[in-house]
Amino acid sequence: MSPITRHNGELHIEEVALAALAERHGTPLYVYSADSITRRYRAFTDAFGGHPHRVCYAVKANSNLAILELLARLGAGFDIVSGGELERVLRAGGDPASVVFSGVGKTVAEMEAALTVGVACFNVESKAELDRLEAVARRLGRIAPVSLRVNPDVDAATHPYISTGLKENKFGIPVADAPELYRRAAVSDWLDVRGIDCHIGSQLTRLAPFVDALDRILAIVDALETDGITLAHIDLGGGLGVRYGDEEPPSVAAYADAILSRLGNRRETLLFEPGRWLVAEAGVFLTRVEYVKENEGRRFLIVDGAMNDLLRPALYNSWHRIELVGTPAAGQQAEEADVVGPVCESSDFLGKARRLAAQAGDLLAVHTAGAYGFGMASNYNSRNRAAEVLVQGDRALLVRRRETLDDQLALEQLVGEGLGGGITARQANGDSR
Ligand SMILES: *Cc1c(COP(=O)(O)O)cnc(C)c1O
């Protein structure tokens, strides 16, 4: 159920008019519904009923502190992929013991930080990473809890950029290599083998790939058991898809049924890492039409939001529903137009060939923008990143103020003539003269 509804011609998120938020905070603007995230988190965790499980929200989907705080209060765990995300979880009040650490490129510093605060598990993606983690754990005198992320080589049937479970992807350990690595981890004094992990891709709209992946995982779990290696948890990653347009993703209940029925009598704790499913529908991106432009019969609505704010259309050619926040001006007919931003790239579009009765000055809502929206924003074209607002009932709170040019420029430095303030090549080589 979308948190966005139309009353008296005006779009609202929960009880708050979107036009009022745009007026107050300016555009482009991200707005999120707290109740939507709460409902979805509860639906996900309820779907697994009495089977021991933990929902570890994939922080990268939307890492705003207020959203992490909301999820932490609901009891969520977190799936992180960097030291930065770990810090966000901690500052938002998340429990480090509920955190799983994923990602193919964990640095020594990131491992140290995660071991020091005591994360629940490292999802290890290669032999080299396992070796590094063991060395860091030994040096810190802390045993590292590990699970191996295996690559089950199933086709997630999603966009190739968000498919991760095929053998040509960089993610995970080949199934054939897993037993030997598990044996290697099991004999280490500094590694504690806890589980197994997979994540086959994002925006999956069919159950079959999840089930195929689970079957392959269970075969590994059984083989390890025979080898005397018992796992406490099975982490099935994230990836459950949402409706952007006419997709028909399975319900979370159907997803849970498919998994639980496959599991039979096993009592391993299940871990999940949903990102998009929890937050996508909660978010809307607001942008205002600056100009209407006609080029030889093609109509463009040039808006103040761009690919630097919402990259998904440019990056994945993804489709987001776009509509007017208010009612069309008198006499304005719906016409087909491309909704494009001001950034100097032809891929800078939010929607193509949309029928909209919009004029300059009108406010547009880009739906299902709560996941992989703000988190992928950049300063390309020296644009300030958008503000973010969280709404609950009739209350709205600015949870990230709009960036300023001073924020953007603060890290840079002018050089003057001859780079007088710089170091010499000799100094760079460690010579102090
Ligand atoms: C991105 C990611 C997720 C979340 O994926 P969604 O499709 O947003 O649910 C979970 N786990 C890992 C390891 C990821 O990289």
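Since this is a predicted model, take the numbers as computed values, not measurements.

## Some points on the overall build of the chain
Part 1 of the reasoning: Secondary structure summary: the chain contains 13 helices and 21 strands in total.
Part 2 of the reasoning: By the compact-globule yardstick of 22 Å for 433 residues, the chain fits well, its C-alpha radius of gyration being 24 Å.
Part 3 of the reasoning: Summarising its shape, the C-alpha atoms of the chain cover approximately 75 × 70 × 40 Å along the three principal directions.
Part 4 of the reasoning: Residues counted as buried form 52% of the 433 residues belonging to the chain.
Part 5 of the reasoning: When contacts within the chain are restricted to residue pairs at least 6 apart in sequence, those whose partners lie at least 24 apart make up 69%.
Part 6 of the reasoning: Of the roughly 19,500 Å² of accessible surface on the chain, a fraction of 49% belongs to carbon and sulfur atoms.

## Brief notes about the pairing of strand β2 (residues 10-13)
Part 1 of the reasoning: Note: strand β1 (residues 4-7) against β2, four bridges, orientation antiparallel. Paired with I4 across the strands is I13, a residue of β2.
Part 2 of the reasoning: From the end of β1 to the start of β2, which pair antiparallel, there are two residues, and N8 there has a positive phi angle of about 50°.
Part 3 of the reasoning: With antiparallel pairing between neighbouring strands as the criterion, β2 and strand β3 (residues 16-17) make up a hairpin whose turn holds two residues, including E14 at a positive phi of roughly 50°.

## Details of the site of the ligand
Part 1 of the reasoning: Around the ligand lies a shell of 15 residues, among which K60, S202, E273, R276 and Y372 are the nearest.
Part 2 of the reasoning: One of the side-chain N or O atoms of K60 is found 2.7 Å from an oxygen atom in the ligand.
Part 3 of the reasoning: One of the side-chain nitrogen or oxygen atoms of S202 is found 2.3 Å away from an oxygen atom of the ligand.
Part 4 of the reasoning: Looking at the shell around the ligand residue by residue, the classes come out as three nonpolar, seven polar and five charged.

## Description of the side chain of E125
Part 1 of the reasoning: Mapped onto the fold, E125 is located in the loop between β8 (121-124) and α6 (127-140).
Part 2 of the reasoning: Under the relative-accessibility criterion, E125 is labelled buried at 4%.
Part 3 of the reasoning: Not counting chain neighbours up to four residues away, the residues in contact with E125 comprise G103, V104, R149, F171, G172 and I173.

## Re the sheet that holds β2
Part 1 of the reasoning: Strand order across the open sheet formed by three strands is β1-β2-β3, with antiparallel pairing between neighbours. Of all strands in the sheet, those with a lone pairing partner are β1 and β3, marking the two edges.
Part 2 of the reasoning: Pairing of β2 with β3 involves two bridges; the strand directions are antiparallel. Note that in β3 the partner of H12 across the bridge is A17.

## Remarks on the nonpolar core
Part 1 of the reasoning: In terms of nonpolar packing, the biggest core is built from 99 residues, with F44, Y57, F122 and L364 touching the most fellow members.
Part 2 of the reasoning: In terms of residue count, helix α8 (residues 208-226) provides more of this core than any other element does, eight residues in total.
Part 3 of the reasoning: With 17 residues, the next largest nonpolar core counts V284, V325, L363 and V391 among its residues.

## Describing the domain arrangement of the chain
Part 1 of the reasoning: For the chain, the assigned domains read domain 1 (4-30 + 280-409) and domain 2 (34-276).
Part 2 of the reasoning: Domain 1 and domain 2 are separated by 33 Å when their C-alpha centres are compared.
Part 3 of the reasoning: Across the contact, 22 residues belong to domain 1 and 20 residues belong to domain 2.
Part 4 of the reasoning: The junction of domain 1 with domain 2 conceals about 1,900 Å² of combined surface from both sides, 52% of it contributed by carbon and sulfur atoms.
Part 5 of the reasoning: Among the residues of domain 1 in contact with domain 2, Y316, Y372 and L390 are the three that bury the most area, contributing 31% of the side total.
Part 6 of the reasoning: On the surface where domain 1 and domain 2 come into contact, there are one salt bridge.
Part 7 of the reasoning: Among the ionic pairs, R40 bridges to E281, the shortest N-O distance being 3.4 Å.
Part 8 of the reasoning: Scanning the region where domain 1 abuts domain 2 turns up nine residue pairs in polar contact (both at pLDDT 80 or more).
Part 9 of the reasoning: The set of elements that each furnish at least two residues to the side of domain 1 that touches domain 2 consists of α11 (312-316), β20 (387-392) and β21 (395-400).
Part 10 of the reasoning: No other element matches the four residues that β20 contributes to the side of domain 1 that touches domain 2.
Part 11 of the reasoning: When the residues that make up the side of domain 1 that touches domain 2 are grouped by side-chain class, the tally is ten nonpolar, six polar and six charged.

## Structural notes on the confidence of the model for the chain
Part 1 of the reasoning: Residues of the chain with pLDDT of at least 70 account for 98%, and the chain-wide mean is 95.
Part 2 of the reasoning: At the low end of the mean pLDDT range in the chain sits helix α13 (residues 425-428), at 88; at the high end sits strand β4 (residues 29-33), at 99.

## Quick notes on unusual backbone geometry
Part 1 of the reasoning: The omega torsion across T27 and P28 is -5°, close enough to zero to call that bond cis.
Part 2 of the reasoning: By the secondary structure assignment, P28 is in the loop between α1 (18-25) and β4.
Part 3 of the reasoning: One non-glycine residue with positive phi stands out, namely N317, at about 55°.
Part 4 of the reasoning: For N317, the location among the structural elements is in the loop between α11 and β16 (322-324).
Part 5 of the reasoning: Positioned with a positive phi, A353 is a non-glycine residue whose angle comes to about 50°.
Part 6 of the reasoning: With respect to the helices and strands, the residue A353 is situated in strand β18 (residues 349-356).

## Observations concerning the packing of aromatic side chains
Part 1 of the reasoning: One pass over the full model with this rule turns up twelve aromatic pairs.
Part 2 of the reasoning: An angle of 85° between the planes, with centres 6.1 Å apart, marks the rings of Y30 and F374 as edge-to-face. Separated by 344 residues along the polypeptide, Y30 in strand β4 and F374 in the loop between β19 (363-366) and β20 bring together distant segments of the chain.
Part 3 of the reasoning: Among the residues examined, F374 registers a relative accessible area of 10% and is labelled buried.
Part 4 of the reasoning: With centroids separated by 6.2 Å and ring planes inclined at 90°, the aromatic side chains of F48 and Y255 adopt a geometry described as edge-to-face. With F48 in the loop between α2 (34-47) and β5 (53-58) and Y255 in helix α9 (residues 252-263), the pair connects residues that are 207 residues apart, well separated along the chain.
Part 5 of the reasoning: Here Y255 falls in the buried class, since its relative accessible area comes to 1%.

Rules and cut-offs
Residues numbered from 1 in each chain as written. Predicted model: local features only at pLDDT ≥ 70, side-chain atom pairs only at ≥ 80, totals over all residues. Heavy atoms only, no water. Helix = DSSP H or I, 4+ residues; strand = E, 2+ residues; numbered from the N terminus. Rg over C-alpha atoms; globule rule 2.2 N^0.38 Å. Buried < 20%, exposed > 50% of the residue type's maximum accessible area, 1.4 Å probe, protein only. Contact = heavy atoms within 4.5 Å. Areas by Shrake-Rupley, 256 points an atom, 1.4 Å probe, with all protein chains shown as cover. Pairing = 2+ DSSP bridges. Near = heavy atom within 4 Å. Polar contact = N/O pair within 3.5 Å; in protein donor to acceptor, adjacent residues only side chain to side chain. Nonpolar A, V, L, I, M, F, W, Y, C, P; charged D, E, K, R; others polar. Core = buried A, V, L, I, M, F, W, Y, C linked by side-chain atoms within 4.5 Å. Domains from an automatic or database assignment. Buried area = accessible area lost by both parts, 1.4 Å probe. Salt bridge = Lys/Arg side-chain N within 4 Å of Asp/Glu carboxyl O. pLDDT = per-residue confidence, 0-100. Phe/Tyr/Trp six-rings, centres within 6.5 Å; stacked < 30°, edge-to-face > 60°.

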